[in-house]
Amino acid sequence: MDKLEKLRNDLYMCDEVIIDMLRMRCQIVQELVNYKQENGIPTVQPQEEERKKKSFNKKLEDYQYRKSIMKVYDRILYQSKRIQSHELFDLNVFLIGFMGVGKSTISAALKEVFAMDVIEMDEIIAQRNGMSISEIFELHGEEYFRNEETNLLRECENKKNQIISCGGGAAMRQVNVDEMKKSGKVVLLTASPDTILDRVQASHDRPLLENNKTIEHITKLMEAREPAYLKAADIVINTDGKSAYEICEEIIAKIQPFREEAQAKAEAVKTEEVQPAQA
Ligand code: S3P
């Protein structure tokens, strides 16, 4: 065997070990996330990731390709997060609720912890129209904006494992709620008018609140919307006084029965395909 052939051979063997190890790693991640679920242990533990990265950086301290290896390791961790999200969700999660309840904050937290894709509805609509939400309302009117929301929700149907952070009014249209239910579960976030006022005070991109940021106005609008929000929701979570991670945990826990139900349905369909029912 000449030198080149031997080196190629060694490299192949090395890659084989890496692939086998990665496969084993995926299985462990799957088992770990399910074990945590079954035993009521918090799924979200970002400090674990930091601890491991620190220790590996130290281990490779003097190695010239430390940065390259750590970049690969980052990708591995990223894919691990996505595996966890597949184990825990495997459907779209639509976050609905009044302005300022924290839909964007919770989407960002779920993205950080599970590397899930986030559809920030207001942001996408603003981007597509090349102007802010306030400008869209002013220039084209609310009806136009609401149609943009419906169109965007229709696009969500083809992918799973996305977090869709809906604009506060999106769940007011039944057609939008119907779209949400086709591909996922609807999580209603709530907060008290005081909390809402506190959170929206500094922003100026909420045309329905601008110039009327008062407890009275917020309470009135919230009460008017409440029946539609509750009707749309599969899960309701109050966010007052809770951290983003605590709310993520609550979403995970409350979504599990729906996920199990979906799995059972998929299994039943599979069985029926193998053994078609007698006519
Ligand atoms: C709206 C909420 C806003 C935005 C628009 C209308 C509403 O989104 O879509 O200003 O009708 O409640 P946020 O809930 O993200 O603030």
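Residues numbered from 1 in each chain as written. Predicted model: local features only at pLDDT ≥ 70, side-chain atom pairs only at ≥ 80, totals over all residues. Heavy atoms only, no water.

(A) Summary view of the side chain of Ser107. Along the chain, Ser107 turns up in helix H4 (residues 103-114). Beyond its immediate chain neighbours, meaning those up to four positions away, Ser107 contacts Leu95, Val118, Glu120, Ile163 and Ser165. (Helix = DSSP H or I, 4+ residues; strand = E, 2+ residues; numbered from the N terminus. Contact = heavy atoms within 4.5 Å.)

(B) Expanded view of the site of the ligand. Surveying the vicinity of the ligand reveals 13 residues, the closest of which are Lys103, Asp122, Arg146, Arg206 and Arg225. Interatomic distance of 2.7 Å between a side-chain N/O atom of Asp122 and an oxygen atom of the ligand. In isolation the ligand offers 380 Å² of accessible surface; the protein chains occlude 96% of this area. For the shell around the ligand, the residue count by class is 5 nonpolar, 3 polar and 5 charged. (Near = heavy atom within 4 Å. Polar contact = N/O pair within 3.5 Å; in protein donor to acceptor, adjacent residues only side chain to side chain. Areas by Shrake-Rupley, 256 points an atom, 1.4 Å probe, with all protein chains shown as cover. Nonpolar A, V, L, I, M, F, W, Y, C, P; charged D, E, K, R; others polar.)

(C) Region of the structure containing the sheet that holds strand S2 (residues 117-120). Here 5 strands make up an open sheet; going across it, the order is S2-S3-S1-S4-S5 and the pairing parallel. At either margin of the open sheet sits one strand with a lone partner, and together these are S2 and strand S5 (235-238). Across the sheet, the mean angle separating the axes of adjacent strands is 20° when strand polarity is ignored. Examined bridge by bridge, strand S1 (residues 92-96) and strand S3 (residues 162-165) share 3 bridges and lie parallel to one another. Note on S3: the bridge partner recorded for Val93 is Ile163. Together, S1 and strand S4 (184-190) form the strand contacts of helix H8 (residues 174-183), whose direction differs from that of S4 by roughly 120°. (Pairing = 2+ DSSP bridges. Axes fitted to C-alpha atoms, helices over the stretch in contact; angles between N-to-C directions.)

(D) Summary view of the nonpolar core. Judged by nonpolar contacts, the single largest core of 58 residues is most densely connected at Phe89, Ile96, Leu110, Phe114, Cys166 and Ile251. Here this core spans two domains, since at least three of its residues come from each of domain 1 (14-88) and domain 2 (92-260). With near-sequence residues (within four places) excluded, Ile96 lies in contact with Lys103, Cys166, Ala171, Met180, Val186, Val187, Leu188, Leu189, Tyr229 and Ala232. (Core = buried A, V, L, I, M, F, W, Y, C linked by side-chain atoms within 4.5 Å. Buried < 20%, exposed > 50% of the residue type's maximum accessible area, 1.4 Å probe, protein only. Domains from an automatic or database assignment.)

(E) Expanded view of unusual backbone geometry. Of note in this structure, Asp90 is not a glycine but carries a positive phi near 60°. We note that Asn211 has phi near 70°; this positive angle belongs to a residue other than glycine. Its location among the elements puts Asn211 in the loop between helix H9 (193-200) and helix H10 (215-232).

(F) Structural detail: empty space enclosed by the protein. Tallying each qualifying case throughout the model produces 1 cavity of 30 Å³ or more. Taken as a whole, the largest cavity holds about 50 Å³ of empty space. In terms of residue count, helix H3 (residues 66-88) provides more of the lining of the largest cavity than any other element does, 3 residues in total. Both domain 1 (14-88) and domain 2 (92-260) contribute no fewer than three residues apiece to the lining of the largest cavity. (1 Å grid on protein atoms, 1.4 Å probe; cavity = no way out; pocket = protein on both sides within 12 Å on 5 of 7 lines; lining within 4 Å. Points joined across faces, edges and corners; volume = space filled by probe spheres on them.)

(G) Structural detail: the environment of Ile237. Tracing the backbone through its elements, the reader meets Ile237 in strand S5. In this structure, the C-alpha to C-alpha distance between Ile237 and Val17, residues 220 residues apart in sequence, is 45 Å.

(H) Structural detail: the pattern of salt bridges. Applying the stated criterion across every chain, the model contains 20 salt bridges. With a shortest N-O distance of 4.0 Å, Asp90 and Arg259 are connected by a salt bridge. One end of the pair, Asp90, is in the loop between H3 and S1; the other, Arg259, is in helix H11 (residues 244-274), with 169 residues separating them in the sequence. Two residues, Arg146 and Glu142, come together in a salt bridge whose shortest N-O distance is 3.0 Å. Residue Arg146 and its partner Glu142 are both found in helix H7 (residues 142-155); the two are separated by 4 residues, about one turn of the helix. Taking relative accessible area as the criterion, Arg146 reaches 10% and is therefore assigned buried. Where salt bridges share partners, they join Glu49, Lys53, Asp74 and Lys81 into one cluster. (Salt bridge = Lys/Arg side-chain N within 4 Å of Asp/Glu carboxyl O.)

(I) Inspection of the domain arrangement of the protein at higher detail. When its domains are assigned, the protein resolves into domain 1 (14-88) and domain 2 (92-260). Measuring from the centre of the C-alpha atoms in domain 1 to the corresponding centre in domain 2 gives 31 Å. Linking domain 1 with domain 2 are 1 salt bridge, by the criterion used here. Where Asp117 meets Arg82, a salt bridge forms, and the shortest distance between an N and an O atom there is 3.3 Å. Across the contact surface, domain 1 and domain 2 share 9 residue pairs in polar contact (both at pLDDT 80 or more). For the side of domain 1 that touches domain 2, the leading source of residues is H3, giving 8 residues.

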